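# Structure assessment
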Amino acid sequence: RRRRRRRVAHYRRRQASPRSVINPDENFYFYWLFVLTACVLYNLWTLIVRQSFPELQAGLPIFWRCGDAFGDTVFLLDVVVQFRTGYLEQGLMVYDSKKLATHYVTSRAFLLDLFALAPLDLVQLSPKVGPNPILRFPRFLKASQSSFGIRNAPYLIE
């Protein structure tokens, strides 16, 4: 009996998820989705308001640039997080780095994430264009992902 218990315990320890792979069922992933959702809402609400009321845009330029930079950083980090997020394959969680990367790169979410990070807002630095927050519209693609927030939920059937 002891040998059997040891083998089972050894097998369970070996199957534990590596620290570098994010399990979609763990708390970190839910907290990450909360931060990501806050950044998406920031972009959805503030960009429309800033475009509609130019005096609001002109009144707090440093605040808006800091908020935009923070949101862009979170979106960029989301790409890194998605490269390390596990998924189910035939009912088992995948922890292989190469499979995780291939799964994400070949997904629709990867293309939307790349387009959402398009640096069109750098055109604002041109003196001819000036501050024009609507140039950050590719960030809206983060909200348009049909499975946003549950895109890697392991219990959904793809």
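It should be emphasised that the depicted structure is a prediction, and the values quoted were computed from it without experimental measurement.

Reading the values: the criteria
Residues numbered from 1 in each chain as written. Predicted model: local features only at pLDDT ≥ 70, side-chain atom pairs only at ≥ 80, totals over all residues. Heavy atoms only, no water. Helix = DSSP H or I, 4+ residues; strand = E, 2+ residues; numbered from the N terminus. Buried < 20%, exposed > 50% of the residue type's maximum accessible area, 1.4 Å probe, protein only. Contact = heavy atoms within 4.5 Å. Salt bridge = Lys/Arg side-chain N within 4 Å of Asp/Glu carboxyl O. Core = buried A, V, L, I, M, F, W, Y, C linked by side-chain atoms within 4.5 Å. UniProt positions renumbered as here; feature names shortened; annotations may be inferred. Phe/Tyr/Trp six-rings, centres within 6.5 Å; stacked < 30°, edge-to-face > 60°. Axes fitted to C-alpha atoms, helices over the stretch in contact; angles between N-to-C directions. Parallel < 35°, antiparallel > 145°, perpendicular 65-115°, else oblique. Nonpolar A, V, L, I, M, F, W, Y, C, P; charged D, E, K, R; others polar. Left-handed = near helix turned anticlockwise from the far one by under 90°. Arc of directions from axis to C-beta.

Attention now goes to the side chain of arginine 50. Looking at where arginine 50 falls in the secondary structure, it is placed in helix 2 (residues 27–52). Assessed through its relative accessible area of 2%, arginine 50 is described here as buried. Beyond its immediate chain neighbours, meaning those up to four positions away, arginine 50 contacts Tyr42, Gln57, Trp64, Asp68 and Pro133.

Taken as a whole, this structure holds two salt bridges when the rule is applied. One salt bridge in this structure joins arginine 50 and aspartate 68, with 3.0 Å as the shortest N-O distance. Of the two residues, arginine 50 sits in helix 2 while aspartate 68 sits in helix 4 (residues 61–83), which places them 18 residues apart along the sequence. Taken individually, arginine 50 and aspartate 68 each receive the classification buried, so the pair is uniform in this respect.

Before going further, it helps to examine the nonpolar core. Grouped together as the largest cluster of nonpolar side chains are ten residues: Ile22, Tyr29, Trp32, Leu33, Leu36, Cys39, Val40, Val74, Phe75 and Val81. Where this core is concerned, the elements lending two or more residues are helix 2 and helix 4. A total of six residues in this core trace back to one element, the largest contributor, which is helix 2.

In the numbering adopted here, UniProt assigns the feature "transmembrane region" (unreviewed entry) to residues 28–48. Annotated as residues 28–48, this span is 100% helix and 0% strand, and its ends, taken at the C-alpha atoms, are 31 Å apart.

Within the structure shown, the criterion is met by four aromatic pairs. When the centroid spacing of 5.0 Å and the interplanar angle of 80° are considered together, the rings of phenylalanine 83 and tyrosine 104 count as edge-to-face. Taken together, the positions of phenylalanine 83 in helix 4 and tyrosine 104 in helix 5 (residues 97–105) put the pair 21 residues apart, joining distant regions of the chain. A relative accessible area of 5% means that tyrosine 104 is categorised as buried. Ring plane angle 80° and centroid distance 5.1 Å describe the contact between tyrosine 104 and phenylalanine 110, whose orientation is recorded as edge-to-face. For the pair tyrosine 104 and phenylalanine 110, a shared accessibility class is recorded, and that class is buried. Clustering of aromatic rings is evident, with ring pairs tying together Phe83, Tyr104 and Phe110.

Before going further, it helps to examine the packing of helix 4 against helix 5. The axes of two packed helices give the description: the angle between them and the distance between them. Remark: helix 4 packs on helix 5, axes separated minimally by 8 Å, with the N-to-C direction vectors making an angle of 125°. In terms of axis orientation, helix 4 runs oblique to helix 5. Where helix 4 abuts helix 5, its residues Val79, Gln82 and Phe83 lie against Leu100, Ala101, Tyr104 and Val105. Considering only residue class, the contact of helix 4 with helix 5 consists of six nonpolar, one polar and no charged.

Turning our attention to the packing of helix 2 against helix 4. Two elements in contact, helix 2 and helix 4, have axes separated by 10 Å at closest approach and are oriented at 140°. With respect to each other, helix 2 and helix 4 are oriented oblique. At the point where helix 2 passes helix 4, the crossing takes the left-handed sense. For the pair formed by helix 2 and helix 4, the contact residues are Tyr29, Trp32, Val35, Leu36, Cys39, Val40, Tyr42, Asn43, Thr46 and Arg50 on the first element and Trp64, Gly67, Asp68, Phe70, Gly71, Val74, Phe75, Leu77, Asp78, Val81 and Gln82 on the second. A breakdown of the residues in the contact of helix 2 with helix 4 according to their chemical character gives 13 nonpolar, five polar and three charged.

Time to look at helix 6 (residues 108–116). Every buried residue of helix 6 is listed here: Ala109, Phe110, Leu112, Asp113 and Ala116. End-on view of helix 6: buried residues confined to an arc of 165°, all on one side of the axis. Exposed and facing more than 90 degrees away from the buried side of helix 6 are Arg108 and Phe115.

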